[in-house]
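Topology and contacts: notes
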Amino acid sequence: MSRYVIFILICSVSCILHADKKKLSKSELDRLIDERVLLYTHPDDAQGAIEALKKEGVTDYEIVESMAKCLRRDMNCPKEKVGCVRANAAIWWIGYYGDQNQISNLLYVAKNTTRGTIASLAIHAYYGKIKDKERFLNDVIPLLERSYRLKSAIWRCLMEEAKGPMRERIVAIASEKANEGYDNLYYADLILEKWKPGYADSQERRKLIIKAVEDPNVKKIAPRGSKHLMDRLKKESLK
């Protein structure tokens, strides 16, 4: 989309707002968010449109509520559909503008979307925004039984959080989940290797990894992952 066309669209938002001094109706706000703000290809253009809405008295809360409605509608759209573009944008902006209650929309989407990529983006946005990290752990641990993409996103958040005061609890979670399937072991092993004393070169680790990589199903679905696990084990044994 050319900058000129984007400029015209932003101006049209302003014109609609100035044409009627009454506060923008909820349905009109939904339409502007849905058809314009979430479809801008450049974040600066979307930001400009949002600022234009805010200058006319639309609150952050109202903007996020409108985006959340759009996100819930489009969260299962195939990647080649325009709804996927809107969903991706909504996740980002909700993570940016949403309050601590509104970001529950991101958790809802992570739990319910059929799209692994959307679930992953939603979890990362939720983690980045939520202040209560203990609440985050309570929310996401049950989701480690879901799709690989979602598990991967959650474990990456846990690896980051393990650098702080929640480390002991996360190590305990990793110790428990290491025995619950290959997908969890792949990431749990990274945490245990770094943060659990004595684990890196332990017989416990060797048994877990060898059991996983010798599973014929694992070899079929994740041959590269199996190799990475064995490479980690060999690296430790050579120290």
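Just above sits the structure.
Residues numbered from 1 in each chain as written. Predicted model: local features only at pLDDT ≥ 70, side-chain atom pairs only at ≥ 80, totals over all residues. Heavy atoms only, no water.

What to know about the packing of aromatic side chains
Two measures describe an aromatic ring pair: the distance that separates the ring centres and the angle between the ring planes. In this structure the tally under the stated criterion is ten aromatic pairs. Between the aromatic rings of W93 and Y96, the centroid separation amounts to 5.9 Å while the plane-to-plane angle is 85 degrees, which identifies the pairing as edge-to-face. Of this pair, W93 and Y96 both sit in helix α5 (residues 82–97), three residues apart, which is roughly one turn of that helix. Taking the relative accessible area as the measure of exposure, W93 reaches 5% and is therefore buried. Seen in terms of ring centroids, Y96 and Y97 are 4.8 Å apart; in terms of plane orientation they differ by 85 degrees. Their pairing is edge-to-face. Three or more aromatic residues joined by ring pairs form one cluster here, namely W92, W93, Y96 and Y97. When the ring centre of Y127 is taken as origin, the NZ or CZ atom of K133, which lies over that ring, is 4.1 Å away. R167 extends its terminal NZ or CZ atom over the ring of W195, reaching a point 3.6 Å from the ring centre. (Phe/Tyr/Trp six-rings, centres within 6.5 Å; stacked < 30°, edge-to-face > 60°. Helix = DSSP H or I, 4+ residues; strand = E, 2+ residues; numbered from the N terminus. Buried < 20%, exposed > 50% of the residue type's maximum accessible area, 1.4 Å probe, protein only. Lys NZ or Arg CZ within 6 Å of the ring centre and 35° of its normal.)

What to know about the nonpolar core
In terms of nonpolar packing, the biggest core is built from 75 residues, with L53, M67, I123, F136, W155 and L158 touching the most fellow members. Looking at this core element by element, the count peaks at eight residues for α5. (Core = buried A, V, L, I, M, F, W, Y, C linked by side-chain atoms within 4.5 Å.)

Don't take any of this as a statement about function, it's just geometry.
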